[in-house]
Amino acid sequence: MSELQEKERIAIERLKAFEPDEPYHLCYSGGKDSDVIRILAQLANVKHELHHNLTSVDAPETVYYVKSIPDMHIDIPHDKYGNRVSMWSLIVKKGIPPLRIMRYCCSELKEKGGEGRLKITGVRAAESVNRKKNAGVVKIIGKPKTTQKTAEEFGADYDLTDKGGLVMNMDNSPNRRLVEHCYRTTSTMINPIIDWTDADVWSFLHHYGCESNPLYQCGKTRVGCIGCPMATTNQRFLDFHIYPKYKQLYIKAFDKMLEEHPNKDYYTWNNGEDVFNCWLGIDENQMNFFEEET
Ligand code: SF4
C-alpha cells in the first residue's frame, strides 16, 4: 500500500469513526481540498450533505463549478435579523476593509452554517503555520471552560488552541463520545485530511478523475475570494484586472462605508477609490493605517 493509499484509508476511518446519527454538514468551498473531502465522504459511505456558502466575492468560475456539482446546497449567509450578509454589507458595518489582521469576512461569510451539526472540513496543516498549531483531526469551539470540563469528564486526549478551542488527533472511544456529546451545542469539525500535503491532494484527485475548479487549470494554486487580503499583492492586482466589476463593487462599498460612518472626520480618504488604492497598497502615504502582519 502506498503512503497516499494509507492516508486515504485513515481519512475514511476518521469519517466513519465520528459519523453522527444525522448527516454530516460537509463544508464545500469550491477548492481542491473540498473536492477531496467530497470524494472521501462518498468512499466512506457516510451520510452527508454538501453545503457551499455564497460569499459574494467568489470568482464566477467557482460559483459555476460549485453549482455543477449534484446535490449541492447553496447557502446564503444572513444575520440574526434575517438580512443578507455579503462582503459589501460587512465593509459598511465594520467601517474598515478586510485586512490580514482583521479577517472578519471569513467568520461571517465562509464559516457560518452547520449549527448543531457535525461538520467536515478540508482544513490541512500544510496550508499555514497557524493551522499547524491550531487544528487537529477534530476541533471543538465552544465555551472554553465548559468544553474542557466535559473533555476531562470523558477522559479525552486533547490539546488547547490559542483561543481556547479543543483539538484532538485520535479517534479513541473517549474522544468519540466527547464529539457525540458536544457537536450539537458547539462548532465541532472533523478534519480528515489535516495531515495531507498539496501533492497528496492532487494525486488523489487525479486518481479519482477529478479536475477540480477550472481556475486551477488557469494556473492558480489557490482558489479564494477576489481581493482576499490573504492573497499576494500580485494576485490581487491580477484578480482586479481580470474581474474589473469586483473592483467597482469594492469601491462602491467603500463609498458607502465613508458615507455611513457617524464621525465624518474619522477618515482621511475623500472617496471609495482612495480607500481601494490604499487597501491595495497603491497609496503608500496611508499604508500605516492598514499595517499588516508579515
Ligand atoms: S476574502 Fe479572504 S479572508 Fe475574507 S472571506 Fe474570503 S478567504 Fe476569508
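Residues numbered from 1 in each chain as written. Predicted model: local features only at pLDDT ≥ 70, side-chain atom pairs only at ≥ 80, totals over all residues. Heavy atoms only, no water.

This part takes up the site of the ligand. Residues in contact with the ligand, as listed here, are Met 87, Arg 103, Cys 105, Cys 106, Lys 110, Cys 225, Cys 228 and Pro 229. Here the element with the most residues in the shell around the ligand is helix α5 (residues 104-110); it accounts for 3 residues. Shared between two domains, the shell around the ligand holds at least three residues of each, these being domain 1 (3-207) and domain 2 (215-290). (Near = heavy atom within 4 Å. Helix = DSSP H or I, 4+ residues; strand = E, 2+ residues; numbered from the N terminus. Domains from an automatic or database assignment.)

Moving on to the domain arrangement of the protein. Domains assigned within the protein are domain 1 (3-207) and domain 2 (215-290). For domain 1 versus domain 2, the separation of C-alpha centres amounts to 27 Å. On the domain 2 side, the residues contacting the 24 residues of domain 1 number 25 residues. Regarding the contact of domain 1 and domain 2, the summed buried area is about 2,200 Å², with carbon and sulfur atoms giving 70% of it. Joining domain 1 to domain 2, the criterion identifies 1 salt bridge. Arg 222 serves as the salt-bridge partner of Glu 127, at 3.8 Å between the closest nitrogen and oxygen. Joining domain 1 to domain 2, the criterion identifies 8 residue pairs in polar contact (both at pLDDT 80 or more). At 4 residues, the largest contribution of residues to the side of domain 1 that touches domain 2 is made by helix α4 (residues 87-94). Looking at the side of domain 1 that touches domain 2, its residues break down into 12 nonpolar, 5 polar and 7 charged. (Contact = heavy atoms within 4.5 Å. Buried area = accessible area lost by both parts, 1.4 Å probe. Salt bridge = Lys/Arg side-chain N within 4 Å of Asp/Glu carboxyl O. Polar contact = N/O pair within 3.5 Å; in protein donor to acceptor, adjacent residues only side chain to side chain. Nonpolar A, V, L, I, M, F, W, Y, C, P; charged D, E, K, R; others polar.)

In this section: the pairing of strand β8 (residues 187-190). Sheet analysis places strand β4 (residues 118-120) next to β8, joined by 3 bridges and oriented parallel. When the bridges of β8 are listed, Ile 120 appears paired with Ile 190. As paired elements, strand β5 (residues 138-141) and β8 share 4 bridges and run antiparallel to each other. Of the residues in β8, the one forming a bridge with Ile 140 is Thr 188. (Pairing = 2+ DSSP bridges.)

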